[in-house]
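Structural overview for review
Letter by letter, the chains look like this.
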Amino acid sequence: MSYYGIVAQGDTPDAGDCCKAYSKLSAKYGSSNVQVAGFNPPSTTPSTNHASNAHFTLAANFHVLYWSSHGSSSPALNVIDGPLFYSYTTAYNSWRNTSNWLKVPIIAACYQFDGSTNRHNWANNIMRFSDIRAMCGYHDMAPGTGTDTSIANDFFNLCCAGTTGNSVMYSWKNANAAYTAGSNYIILVYYDNNRCYYRLPGFSTVTYPDPNRSTTKIYRYTQANPNGAEVPKSMSVTINSAPYSLNLSSNACRSINLSKWNPAQVVQVGVDSDTFFYGQREYSMNPVSSKQGRSFNEELLNDLVGTGLLESASLKIYDDAMAEVPQDNSQEEDIVIGSTTQVFQHYNGIILEGNCFAACSDATGVISLTNRYKDYSVSDDVDHINLIHKEKDAFVEHFKKKFYLEKEVQPTIKIITPIYMRVEDKYILHYRVVFENKQHILIDAKVID
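Quick summary incoming for the structure in this document. (Residues numbered from 1 in each chain as written. Predicted model: local features only at pLDDT ≥ 70, side-chain atom pairs only at ≥ 80, totals over all residues. Heavy atoms only, no water.)

**As for unusual backbone geometry**
Filter applied, for reference: Here a helix means four or more residues in a row that DSSP labels H or I, a strand means two or more in a row labelled E, and each is numbered from the N terminus. Categorising residues by exposure relies on relative accessible area from a 1.4 Å probe, with only protein chains included: less than 20% of the type maximum marks a residue as buried, more than 50% marks it as exposed, and the intermediate range marks it as partly exposed.
In this model, S74 is joined to P75 through a cis peptide bond whose omega is -5°. When you line up the elements, P75 lands in the loop between β4 (71–72) and β5 (76–77). One non-glycine residue, Y111, lies in positive phi territory at about 65°. Mapped onto the secondary structure, Y111 falls in the loop between β7 (104–108) and α4 (116–126). With a relative accessible area of 4%, Y111 lands in the buried category. One non-glycine residue with positive phi stands out, namely N194, at about 65°. Locating N194 in the fold gives a position in the loop between β9 (185–190) and β10 (218–223). What makes N194 partly exposed here is its relative accessible area of 44%.

Here it is as structure tokens:
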């Protein structure tokens, strides 16, 4: 059987993730069966004409959609640099036909599944009236440019890893597991009779029975309580200045001793060939207490990397849950099925994005471990940047002069966080800026200095 995919680049400034998605889909489907919009691979520079609602509509004629753009909880796409359109409304008008081919839309954009109302609408008004089996995206901020390329790469690699491949749910969760905004992942998928383990079309020979669109339950898989998830505690940034760039001491990840843990699969998932994913099994779907799930991760990480590294790292911990998306107006009810522990490399509390151990557990133990943890060094002659994220008024003035001096409507900045982003073989200091309207951008620290 032939399979078809469409990869669409909206209004984000880099098409690296779309190039990666195109490469992975083409390897399985053939390049002639994968259509692109808004970019021309292998170039990672988006085209002048962004993918639009016409391409979102067209996705009904393909088995897999990969979409990348800015988004909002309306839900809308292309919300910063246009052309803006309302994704749910477009899907409602064009995807609701059970003879359409679309099986898995992957929407790499912020806030598409924000809130129970949006999730209810996507599940019950789109999935149940189409042939869609699983939807992937984010219920809050999506990971930023560069990070999204690694996530796309890891997702498709995990979908076809091993002898049977991994489920869409497992692959999307674990592709996001090593990143600060990765905890905002979400998957909507039919549940009963193991349909929650649905595989990406053409990436595995394992199949599952068709759902009864009227009665088969649809579940969401997210961090626990996505409407009000706990804010993970990380190290505070107490320094006044920081190096503009950090050098990788080696391109090799921190070595670990697997003698006390025997993973079922080992996958070189990363863009770097030395980034590894160690998989044990899919989630068991059995309830587990938060305390127990977190202790599984802590015990394994202590064995593999030692207490010294854990005590000095920046830790982020959250629980993973599933919940039925009801067809009526009743509330979603979380069932905790595991936990995720992220161990981030940092410079005096400033996280190195994606430089991380990420352990995920279920009711019987750790089911996966991602190793992206690398050591760094600081050059003697590197420029240091005066950090102004705590001086909000000063930051806003710098920001307006650089970006919005000519704008009549000034954005309201809510949160400013320094973060190191991987750029080729270095980590470059950036600010993550979150606005009152929930949009966010990454700014090179030298641009705002």
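Next comes the rest of the description.
**Overview of the environment of S183**
Topologically, S183 is positioned in the loop between α6 (168–176) and β9. A residue is classified by how much of its surface remains accessible, and S183, at 8% relative accessible area, is buried. Taking C-alpha positions, S183 is 25 Å from A445, a pair spaced 262 residues apart along the chain.

**A few points about helix α5 (residues 147–159)**
Helical geometry: 3.6 residues make up each α-helical turn, so side chains three or four residues apart lie on a common side. Going by this rule: One fewer than the residue count of a helix, multiplied by 1.5 Å, yields its expected span.
Taking 1.5 Å per residue as the helical rise, α5 with its 13 residues ought to reach 18 Å, and the 18 Å between its terminal C-alpha atoms agrees with that figure. The buried fraction of α5 is high, at 13 of 13 residues.

**Digging into the pattern of salt bridges**
When the charged atoms of two side chains lie near each other, side chains of opposite charge can form a pair. Condition: Between Lys or Arg on one side and Asp or Glu on the other, a salt bridge is scored when a side-chain nitrogen of the former is within 4 Å of a carboxyl oxygen of the latter.
Considering all chains together, one arrives at 16 salt bridges under this definition. Measuring nitrogen to oxygen at the nearest pair gives 2.9 Å for the salt bridge that ties D131 to K103. Of this pair, D131 sits in the loop between α4 and β8 (134–138) while K103 is found in the loop between α3 (87–94) and β7, placing the two residues 28 residues apart along the sequence. Looking at D131, the relative accessible area reads 11%, which means it is buried. Across the pair D383 and K446 runs a salt bridge whose closest N-O atoms are separated by 3.0 Å. A residue pair is termed long-range when its members are at least 10 positions apart, and D383 in the loop between β19 (376–377) and β20 (384–386) and K446 in helix α10 (residues 445–448) qualify at 63 residues. Within this structure, K103, D131, R133, D210 and R213 form a network of salt bridges that share partners.

**A word on the sheet that holds β4**
Selection criterion: DSSP bridges decide pairing: two strands pair if at least two such bridges lie between them.
Strands sit in the order β4-β5-β6 across an open sheet of three strands; the sheet is antiparallel. The two strands at the open ends of the sheet, each matched to only one other strand, are β4 and β6 (85–86). Where β4 and β5 come together, two bridges link them in antiparallel fashion. Considered in β5, the bridge of S72 is made with A76.

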